Amino acid sequence: MTTTMDTGRSYHKQATGVAFDTVQQHATDQDITLFAGCFCPFVQRVWVALECLEIPYKVYEVDPYKKPQELLELSPKGLVPALRLNSCSPPRALNESTVILEYLEDLASTSTKRSLLPPLSDPYARALVRLQSDHINRTLVPAFYRYLQAQDPDAQIAGGREFLDAIETLVGLFERAEREVGGTGLWKEGGKLGLADILVGPWLLRATNVLKHYRGLDLPRGPKFDGWLNRLLEHPAFKRTCSTEELYLDSYERYAFNRPNTSQVANAINTGRGLP
């Protein structure tokens, strides 16, 4: 249950901490420009992938609540992340984090030769990763927002259970992959950062600070889960995209108290629609 009061904190417009340094290191023009909002987990997915796949890029931080025309030209809903592909004439655009991740995976296959998926020679292992990814997008991410935005104590309790159940199901999918193909991603000790890790990581990071602060959440404990979560949150590609805890607590207060028109995502949760 919520134990804090709405203090009227405003969202941040610029990354902080290590993420700020990463933005500064990617301030020169490149073939790819990432239009980013510093607190957006969907942006962080793409950002981590760019770092992991070692694809050159420029970061352009925008205010997601005051959408510049440049962003609207790339993303019809004005949502981040968006990519501008500057090597095309005229430049082309991509939006939607999962679509962008697929594009980056394909791009890396012919450029940096890095991958977020098991090898093409193991189509079943790749399919298992896609099952993990589908669960994250379809179930775990919406559960995070329902839990954080719930105001009624009973709804908060139910939301917490739903979110933890979604994590438990994801762990079950990881364990299935471990049994059947020897493991995928960072769940496997000695494994590499993978697609499912990147898809879920931003929300688990926010679970450790935002949900901990505003809902008193404690994540599941256990040697396997703790080891995987530590490998994920401490992975260099992931850490380079992380701001200070203050940024997340300030920027998500509006969600925790379900302020009107917090975001298109929040509005979708409140009306029972699918995420935009």
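Residues numbered from 1 in each chain as written. Predicted model: local features only at pLDDT ≥ 70, side-chain atom pairs only at ≥ 80, totals over all residues. Heavy atoms only, no water.

A description of the packing of helix H2 (residues 41–53) against helix H5 (residues 123–149) should follow, citing residues and the corresponding values.
Here H2 crosses H5 at 135°, and the two axes come no closer than 13 Å. On the basis of the axis angle, H2 is oblique to H5. Contacts from Pro41, Phe42 and Arg45 in H2 reach Ile136, Asn137, Val141 and Tyr145 in H5. (Axes fitted to C-alpha atoms, helices over the stretch in contact; angles between N-to-C directions. Helix = DSSP H or I, 4+ residues; strand = E, 2+ residues; numbered from the N terminus. Parallel < 35°, antiparallel > 145°, perpendicular 65-115°, else oblique. Contact = heavy atoms within 4.5 Å.)

How would you summarise the packing of H5 against helix H6 (residues 153–181) if you had to cite specific residues and measurements?
Between two packed helices, both the angle of their axes relative to each other and the distance between the axes serve to describe the pair. Between H5 and H6, whose axes approach to 9 Å, the crossing angle comes to 170°. Considering the angle they form, H5 stands roughly antiparallel to H6.

Requested: an account of the state of the cysteines, with residues and values cited.
Under the counting rule described, the total for this entry stands at zero disulfides. Left without a disulfide partner, Cys38 is nearest to the cysteine sulfur of Cys40, which lies 9.6 Å away. Cys38 sits in the buried class, given a relative accessible area of 10%. Cys38 provides the cysteine sulfur closest to Cys242, a residue in no disulfide bond, and the two sulfurs are 13 Å apart. Overall, the relative accessible area of 12% leaves Cys242 in the buried class. (Disulfide = S-S within 2.5 Å. Buried < 20%, exposed > 50% of the residue type's maximum accessible area, 1.4 Å probe, protein only.)

Lay out the packing of aromatic side chains with the relevant residues and their values.
Tallying each qualifying case throughout the model produces 15 aromatic pairs. Linked through ring pairs, Tyr11, Phe39, Tyr65, Phe144, Tyr145, Phe163, Tyr252 and Tyr255 together constitute an aromatic cluster. Lying across the ring of Tyr11, Lys13 places its NZ or CZ 4.9 Å from the centre. (Phe/Tyr/Trp six-rings, centres within 6.5 Å; stacked < 30°, edge-to-face > 60°. Lys NZ or Arg CZ within 6 Å of the ring centre and 35° of its normal.)

Describe the sheet that holds strand E4 (residues 92–95), listing the residues and the values that go with them.
Across a sheet, paired strands are connected by hydrogen bonds in the backbone, their directions being either parallel or antiparallel. The strand order across the open sheet formed by four strands is E2-E1-E3-E4, and the pairing between neighbours is mixed. Among the strands making up the open sheet, the edge pair consists of strand E2 (58–61) and E4. Geometrically, the sheet is characterised by an average inter-axis angle of 25° between neighbouring strands, direction not taken into account. Bridge count for strand E1 (residues 32–36) against E2 is four bridges, and the pairing is parallel. What sits directly across from Leu34, in E2, is Val59. (Pairing = 2+ DSSP bridges.)

Account for helix H8 (residues 223–233), with residues named and values stated.
Restricting attention to buried positions, one finds in H8 the residues Phe225, Gly227, Trp228, Leu229, Leu232 and Leu233. Turning to H8, the residues buried within the fold contact H6, helix H7 (195–215) and helix H9 (236–239).

Could you give me a rundown of the nonpolar core, with the residues and numbers involved?
Ranked by internal contacts, the top residues of the largest apolar core, which has 87 residues, are Leu83, Leu104, Tyr145, Leu148, Phe163 and Trp228. Excluding residues within four positions of it along the chain, Leu148 makes contact with Val210, Leu211, Tyr214, Arg215, Tyr252, Tyr255 and Ala256. (Core = buried A, V, L, I, M, F, W, Y, C linked by side-chain atoms within 4.5 Å.)

Describe in detail the layout of surface pockets, supporting the description with residues and values.
Taken as a whole, the largest pocket holds about 720 Å³ of empty space. As for the largest pocket, its lining consists of 39 residues, of which Phe42, Leu79, Val265, Leu275 and Pro276 are closest to the centre. Of all the secondary structure elements, the ones that give two or more residues to the lining of the largest pocket are H2, helix H4 (97–110), H5, helix H10 (245–256) and helix H11 (264–271). Counting residues per element, the lining of the largest pocket draws most heavily on H5, which supplies six residues. Tallied by class, the residues present in the lining of the largest pocket amount to 19 nonpolar, 13 polar and seven charged. Contributing to the lining of the second largest pocket are 22 residues, with Leu117, Pro118, Thr184, Gly185 and Lys192 lying nearest its centre. In the lining of the second largest pocket, the residues fall into 10 nonpolar, eight polar and four charged. (1 Å grid on protein atoms, 1.4 Å probe; cavity = no way out; pocket = protein on both sides within 12 Å on 5 of 7 lines; lining within 4 Å. Points joined across faces, edges and corners; volume = space filled by probe spheres on them. Nonpolar A, V, L, I, M, F, W, Y, C, P; charged D, E, K, R; others polar.)

Tell me about unusual backbone geometry, and please be specific about residues and values.
Peptide bonds are mostly trans, and most non-glycine residues show a negative phi. Cis peptide bonds are those with omega within 30 degrees of zero, and the linkage from Val80 to Pro81 qualifies with 5°. Structurally, Pro81 can be placed in the loop between helix H3 (69–74) and strand E3 (82–85). Cis geometry is found at the peptide bond from Ser89 to Pro90, where omega equals 0°. As for its position among the elements, Pro90 is in the loop between E3 and E4. Of note in this structure, Glu54 is not a glycine but carries a positive phi near 60°.

Can you break down the side chain of Asp250 residue by residue, with the values?
Along the chain, Asp250 falls in helix H10. A relative accessible area of 14% means that Asp250 is categorised as buried. Of the polar contacts made by the side chain of Asp250, one reaches the side chain of Arg9; its length is 3.4 Å. Residues within four places of Asp250 in sequence aside, it is in contact with Arg9, Ser10, Tyr11 and His12. (Polar contact = N/O pair within 3.5 Å; in protein donor to acceptor, adjacent residues only side chain to side chain.)

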